[in-house]
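# Architecture at a glance
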Amino acid sequence: MKVGVLALQGAYVSHVQAFVSLGVEALEVRTPEDLAKIDRLVIPGGESTTISMLLDWNGMRAPIQESISAGMPIFGTCAGMIVLAKEVLDGRDDQKPLEAIDITVRRNAFGRQVDSFESEIDVLGLDEPFPSVFIRAPIVETIGEGVKVFARVDEKIVLCGTDSILVASFHPELSNDGRIHEMFLSMEPLGSQG
Amino acid sequence: MAEENIDDSKTTGTVKVKRGLAEMLKGGVIMDVVTPDQAKIAEDAGAVAVMALERVPADIRADGGIARMSDPEMIEGIQEVVTIPVMAKARIGHFAEAQVLEALGVDYVDESEVLTPADEKHHIDKWAFEVPFVCGATNLGEALRRISEGACMIRSKGEAGTGNVVQAVRHLRTILGDIRKLGQADSAELFDWAKELQAPLPLVQEVASVGKLPVPMFCAGGIATPADAALVMQLGAEAVFVGSGIFKSEDPEPRAKAIVEATTNFTRPEIVAKVSRGLGGPMTGIGMDEIQIRLEDRGW
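All figures in this text were calculated on a predicted structure; none of them were measured in a lab. (Residues numbered from 1 in each chain as written. Chains lettered and ligands numbered in written order. Predicted model: local features only at pLDDT ≥ 70, side-chain atom pairs only at ≥ 80, totals over all residues. Heavy atoms only, no water.)

Counting buried positions over the 11 residues of helix H1 (residues 15-25) of chain B gives 8, a clear majority of the element. At the C-terminal side of H1 of chain B, Gly-27 of chain B shows a positive phi close to 75°. (Buried < 20%, exposed > 50% of the residue type's maximum accessible area, 1.4 Å probe, protein only. Helix = DSSP H or I, 4+ residues; strand = E, 2+ residues; numbered from the N terminus.)

We now examine helix H9 (residues 201-210) of chain B. Each α-helix turn comprises 3.6 residues. Residues three or four places apart therefore point the same way. Residues and elements named next belong to chain B. Within the span of H9, buried status applies to Leu-203, Val-204, Val-207 and Ala-208. Along the axis of H9, the buried residues cluster in a sector spanning 135°; they form a single face. Seen from the buried face of H9, the exposed residues on the opposite side, beyond 90 degrees, are Pro-202, Ser-209 and Val-210. Contacts made by the buried residues of H9 are with helix H6 (140-148), helix H7 (166-184) and helix H8 (187-197). At the exit of H9 stands Gly-211, carrying a positive phi of roughly 80°. (Arc of directions from axis to C-beta. Contact = heavy atoms within 4.5 Å.)

Mapped onto the elements, Ser-175 of chain A comes out in the loop between strand E12 (165-168) and helix H6 (179-185). A distance of 2.6 Å separates a polar atom in the side chain of Ser-175 of chain A from the backbone oxygen of Pro-131 of chain A. With residues near it in sequence (within four places) discarded, Ser-175 of chain A still touches Phe-130, Pro-131, Ser-132 and Val-133 of chain A together with Lys-16 of chain B. (Polar contact = N/O pair within 3.5 Å; in protein donor to acceptor, adjacent residues only side chain to side chain.)

Turning our eyes to something else, we now look at the interface of chain B and chain A. Contacts between the two partners involve 48 residues from chain B, matched on the other side by 49 residues from chain A. Linking chain B with chain A are 4 salt bridges. Taken together, the links from chain B to chain A amount to 21 residue pairs in polar contact (both at pLDDT 80 or more). Elements with a contribution of two residues or more to the side of chain B that touches chain A: strand E1 (11-12), H1, helix H2 (36-44) and helix H12 (252-264) of chain B. Per element, the largest residue contribution to the side of chain B that touches chain A is 8 residues, and it comes from H1 of chain B. When grouped by side-chain class, the residues that make up the side of chain B that touches chain A number 17 nonpolar, 14 polar and 17 charged. Two elements, strand E7 (residues 117-121) of chain A and E1 of chain B, share 2 bridges in a ladder whose sense is antiparallel. When the bridges of E1 of chain B are listed, Glu-118 of chain A appears paired with Thr-11 of chain B. (Salt bridge = Lys/Arg side-chain N within 4 Å of Asp/Glu carboxyl O. Nonpolar A, V, L, I, M, F, W, Y, C, P; charged D, E, K, R; others polar. Pairing = 2+ DSSP bridges.)

Pasting the structure below:
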């Protein structure tokens, strides 16, 4: 299995390292050619406005949308979650998300950087709490049909997903704990389920 | 799922949270802006953050006098119009200015040599703050001293306000070259390295073992073109600060966007070539032998 990490901007190196430490091959994805080499994709944390623009400037929007339609498993963290959402609140008016998962996301929902925090959170399916890092983090305000909630903070949804898409408000790649990455690796591509 | 009183279990201002924001800015461009309008232009061009200040370094250099923290009203005006992080500068050692910036809710404080130093011996004790700090460095020892004081991001200083990339290259090569040399040193030699660098031994040992700084390392000071950005990224910078280089150029908007694209695609010269076309004149710039004040010498 080859995992790609979208490397337009943001914390892509930390994600690559997280997969490598799990013994999984991971590469940086900047072009449609890179995308063709991988089985699943991570959209990392970073600045969602910047990543959103670079998707267009680097000609990556349509190829990624095609991969999503084809059932490729996708994992979005923080800005990646915003980029994958159906709707974005408190974003820029021209911020175009990929509309890959039926969720409404609010940006910077906990406040400014001084309000950024660490917390041990309970995650559905994990025996022990997960040490999570929230940085100017977004939250999921509403979810559509078929979206399952895996974790909340202050009753707000911070980890959820469908069969092939996983999105997190926080940064499992900064935690030295591979369990959320393993959750993503266990997702099956949609096509393989018939 | 357990819904305990979760507010008690949230910890703010941790090293992970402070260094984490710097992680999120990697591969991006942080732009100096002096008005809300410029901040909008920067955000529209794909900046990952803006640095709010009263005058860009080229003007500080030209005007002379004392350069201080910006007017809070101006910083708030910029915070209102952009959704990306807003940084602001405090004078070296001026912890009260830093306290004001923290109270304003800026996302990062730059304890910066571009402003006139307030203390000729001491930098700010940055551990005392919840807001993260970035500091400049010209060499590895300076970088490690700033990290030991609590800096969560290092930027190589370059020479701000010159449009001349030569010092940025010198400082990057000095810092990264010494990190490579540390990796070759044996354990006994590291004691001498710590002495030579005037840096704490545990940090020297950490850098020697992991082969990089414990915080993100960005580049600043003199970047004026997309190729400048590609150059410093290839040398090992993890993101780029552009000060005077954008708003002192002939046509700031396309230049800002081009520098963003070159920073993302720094390993692809064909893209850097494409975005470098027809940008109008860059800032004129000045040679190192023409300048009277070397901002890079500020910091101890």
